[in-house]
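Single-letter residue listing:
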2 protein chains.
Amino acid sequence: MTKVKLTIEYVGTDFCGWQSQQNGVSVQDTVERALGRYFGCDFVRIYAAGRTDVGVHAVGQTAHFVTDKSVNCYKLCLGLNAYLPSTVAVTAAECVGDSFDARFGALSKTYCYRIYVSPMRRPTLDVNHTQVYKPLDVQAMRLAADKLVGTHDFAAFQKSGSNLKGTVRTVNSLDVADNGDGTIYFWVNGNAFLYNQVRLMCGLLVEVGKGRYTLDDVDAMLGGVKLKFRTLPAKGLTLERVFYGEEQL
Amino acid sequence: MTKVKLTIEYVGTDFCGWQSQQNGVSVQDTVERALGRYFGCDFVRIYAAGRTDVGVHAVGQTAHFVTDKSVNCYKLCLGLNAYLPSTVAVTAAECVGDSFDARFGALSKTYCYRIYVSPMRRPTLDVNHTQVYKPLDVQAMRLAADKLVGTHDFAAFQKSGSNLKGTVRTVNSLDVADNGDGTIYFWVNGNAFLYNQVRLMCGLLVEVGKGRYTLDDVDAMLGGVKLKFRTLPAKGLTLERVFYGEEQL
């Protein structure tokens with residue numbers, strides 16, 4: 001038996017998300033069928049580090065699968081990419097030890113939320129950025145981001161309707177990168193996130209940048225107060241990288 | 001009469017290029033019809049800084065038009081963008097003096113050619129980058145780029161079949177930016193370019209980076225020797241900005 005770790009990149013626009021769904025084409029199904037074609041069966045079940053929502057992109061999603069066939073990882077990548085649509089590719093494959101688990105072994109994940117600031121649409125950025133119409137106070141956003149870093153009860157930072165009990169999570173880092181070309185990237189690393197947590201955190205930062213909410217409001221929200229603002233659209237979010245401990249690889 | 005300068009951004013993938021063609025939808029037609037709809041006529045003729053080929057993108061294409069209607073430039077942008085498809089937008093509009101001419105007044109243009117170096121496809125980059133499979137010698141490419149800067153006879157740097165007589169052009173700058181994330185950008189500024197000149201110059205740089213051609217070969221090509229290599233695909237090329245003299249605006 002061979003266990004293989006895959007790194008998968010995709011443009012999420014036309015998928016119903018990572019996970020198999022009754023309606024729509026998922027990235028998971030797409031990769032599982034490509035693996036099936038490669039190994040000469042219907043499909044090969046894969047287990048990902050985490051689901052990504054409909055419309056969310058990935059540069060470094062990870063997944064594993066098990067096979068009793070022998071695997072040449074480089075040829076596997078090239079073969080799979082020939083079977084995958086242009087919006088999905090396997091960018092790396094490596095044989096891993098039996099203890100590796102793409103989901104339960106993940107120590108942390110890095111996401112990037114991309115925005116551009118412009119009163120006018122930017123067609124070349126629209127696929128993976130969200131438009132913000134008016135200038136933002138980057139320094140205020142950085143101070144707010146600093147408040148979100150650490151271990152907090154993020155109960156107010158989950159999709160409304162969610163009723164998860166354990167809502168304490170750790171945000172290891174949250175950096176606001178002003179790229180000087182009208183784009184601003186929010187880089188977030190954490191061990192695990194609640195449903196919509198990253199998009200709600202970045203959405204709050206944007207509201208602080210607009211001056212609509214203050215640093216005190218960030219504290220209030222960390223204290224459980226649900227502030228009203230729009231959840232940022234999925235298309236600005238990209239799962240950039242999943243980190244594993246050395247012993248896992 | 002009012003003369004208006006437009007800055008236009010587009011994803012060139014699904015267009016037959018800037019210029020109106022019998023087959024296919026051009027960016028020019030698309031913008032002319034949106035202007036027509038805005039001003040209540042069939043179309044308004046626009047004059048661009050230059051054509052872009054099928055599949056080439058633009059962040060800062062410029063064009064002008066003349067109207068006898070009064071124009072509020074901000075409202076014009078918003079109105080046009082509502083009529084334009086998601087792949088095209090007017091990012092700026094300004095009223096200019098009668099002497100302004102988007103084409104003949106252009107002092108120089110900056111293009112960027114984007115590549116990524118990876119044996120595997122990168123779906124999130126594919127729309128506006130060209131894939132190069134093996135690592136490149138960036139230092140060698142920089143030395144080759146330096147040779148291309150200046151006023152030269154670029155006769156060997158035009159689409160085969162072109163038989164233009166005046167082939168002397170000036171390249172003001174050609175910078176090789178290694179972004180450290182697997183992407184390399186070639187930034188080119190010049191007063192005017194031959195047909196396919198930018199893609200052929202960048203293609204030669206890639207060949208030098210691969211070690212297939214040397215700095216002597218660059219000299220030979222500047223001396224008129226046609227070296228054989230593939231013309232880089234259109235999708236990696238973006239017209240970034242058109243520069244005008246102060247007196248034009």
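What counts and what doesn't
Residues numbered from 1 in each chain as written. Chains lettered and ligands numbered in written order. Predicted model: local features only at pLDDT ≥ 70, side-chain atom pairs only at ≥ 80, totals over all residues. Heavy atoms only, no water. Helix = DSSP H or I, 4+ residues; strand = E, 2+ residues; numbered from the N terminus. Rg over C-alpha atoms; globule rule 2.2 N^0.38 Å. Buried < 20%, exposed > 50% of the residue type's maximum accessible area, 1.4 Å probe, protein only. Lys, Arg positive; Asp, Glu negative; His and termini not counted. Charge placed at Lys NZ, Arg CZ, Asp CG, Glu CD. Salt bridge = Lys/Arg side-chain N within 4 Å of Asp/Glu carboxyl O. Polar contact = N/O pair within 3.5 Å; in protein donor to acceptor, adjacent residues only side chain to side chain. Contact = heavy atoms within 4.5 Å. Buried area = accessible area lost by both parts, 1.4 Å probe. Nonpolar A, V, L, I, M, F, W, Y, C, P; charged D, E, K, R; others polar. Least-squares fit on C-alpha atoms with pLDDT ≥ 70 in both. Pairing = 2+ DSSP bridges. Domains from an automatic or database assignment. Axes fitted to C-alpha atoms, helices over the stretch in contact; angles between N-to-C directions. Parallel < 35°, antiparallel > 145°, perpendicular 65-115°, else oblique. Left-handed = near helix turned anticlockwise from the far one by under 90°.

(A) Summary view of the overall build of chain A. If you tally the helices and strands in chain A, you get 5 helices and 10 strands. By the compact-globule yardstick of 18 Å for 249 residues, chain A fits well, its C-alpha radius of gyration being 19 Å. Principal axes of the C-alpha set define a box for chain A whose edges measure 55 × 40 × 35 Å. Within chain A, the fraction of its 249 residues that count as buried is 54%. Where the 27 positive side-chain charges of chain A centre and where its 24 negative ones centre are 6 Å apart.

(B) Spatial organisation of the side chain of K109(B). All names here are of chain B. Of note, K109 is situated in strand β5 (residues 106-117). Within the buried core, K109 has no salt-bridge partner, and the shortest N-O distance to an opposite charge, that of D101, equals 10 Å. For K109, the side chain forms a polar contact with the main-chain oxygen of A49, separated by 3.4 Å.

(C) A look at the interface of chain B and chain A. In this assembly, 24 residues from chain B lie in contact with 24 residues from chain A. Summed over both partners, the interface of chain B with chain A buries about 1,800 Å², with 59% contributed by carbon and sulfur atoms. A per-residue breakdown of the area chain B buries against chain A is headed by M120(B), R121(B) and P123(B), which together make up 37% of the total. Between chain B and chain A we count 14 residue pairs in polar contact (both at pLDDT 80 or more) in total. Tallied by class, residues from the side of chain B that touches chain A come to 16 nonpolar, 5 polar and 3 charged.

(D) Layout of the pattern of salt bridges. In the structure shown here, the tally under the stated rule is 18 salt bridges over all chains. Where E9(B) meets R122(A), a salt bridge forms, and the shortest distance between an N and an O atom there is 2.4 Å. Here E9(B), found in strand β1 (residues 2-10), pairs with R122(A), found in the loop between β5 (106-117) and β6 (130-132), and the two come from separate chains. The class of R122(A) is buried, set by a relative accessible area of 16%. Here K210(B) and E207(B) are joined by a salt bridge, their closest N and O atoms 3.8 Å apart. A residue pair is termed a helical-turn pair when its members lie 3 or 4 positions apart in one helix, as K210(B) and E207(B) do in helix α4 (residues 197-210) at 3 residues. Here the residues in one salt-bridge network are E207(A), K210(A) and R212(A), joined through shared partners.

(E) View of unusual backbone geometry. All names here are of chain A. With a phi close to 75 degrees, N196 is a non-glycine residue in the positive phi region. With respect to the helices and strands, N196 occurs in the loop between β9 (183-190) and α4 (197-210). We classify N196 as buried; its relative accessible area is 13%.

(F) Layout of the environment of F186(A). In this structure, F186(A) sits in strand β9. Separated by 12 residues in sequence, F186(A) and V198(A) have C-alpha atoms that sit 9.5 Å apart.

(G) Broad picture of the relation of the copies chain B and chain A. Mapping chain B onto chain A calls for a screw motion: a turn of 180 degrees about the axis and a shift of 0.0 Å along it, with 0.0 Å RMSD after fitting. Seen this way, the second copy is the image of the first under a two-fold rotation axis. For chain B, the smallest separation between a C-alpha atom and the rotation axis is recorded for V127(B), amounting to 5.0 Å.

(H) The pairing of strand β10 (residues 237-244) of chain A, seen in detail. All names here are of chain A. A large share of β10 lies buried, amounting to 6 of its 8 residues. Where strand β3 (residues 57-67) and β10 come together, 2 bridges link them in parallel fashion. Bridge pairing in β10 places A58 opposite L239. Both β5 and β10 contribute to a ladder of 7 bridges, which runs antiparallel. Each residue of the ladder has a partner; that of C112, found in β10, is T238.

(I) Structural view of the domain arrangement of chain A. Residues and elements named next belong to chain A. Parsing chain A into structural domains produces domain 1 (2-96) and domain 2 (108-244). Between the C-alpha centres of domain 1 and domain 2 the distance comes to 28 Å. Contact with domain 1, which involves 17 residues of that partner, is made by 16 residues of domain 2. Across the domain 1 to domain 2 interface the summed buried area is about 1,100 Å²; carbon plus sulfur atoms make up 55%.

(J) Here's a closer look at the packing of helix α3 (residues 138-148) of chain A against helix α5 (residues 215-222) of chain A. Residues and elements named next belong to chain A. Closest axis-to-axis distance for the α3/α5 pair is 10 Å, and the angle between their directions is 20 degrees. By the criterion of interaxial angle, the relationship of α3 to α5 is roughly parallel. With respect to the hand of their crossing, α3 and α5 are arranged in right-handed fashion. Of the residues in α5, those in contact with A140, L143, A144, K147 and L148 of α3 are L215, V218, D219 and L222.

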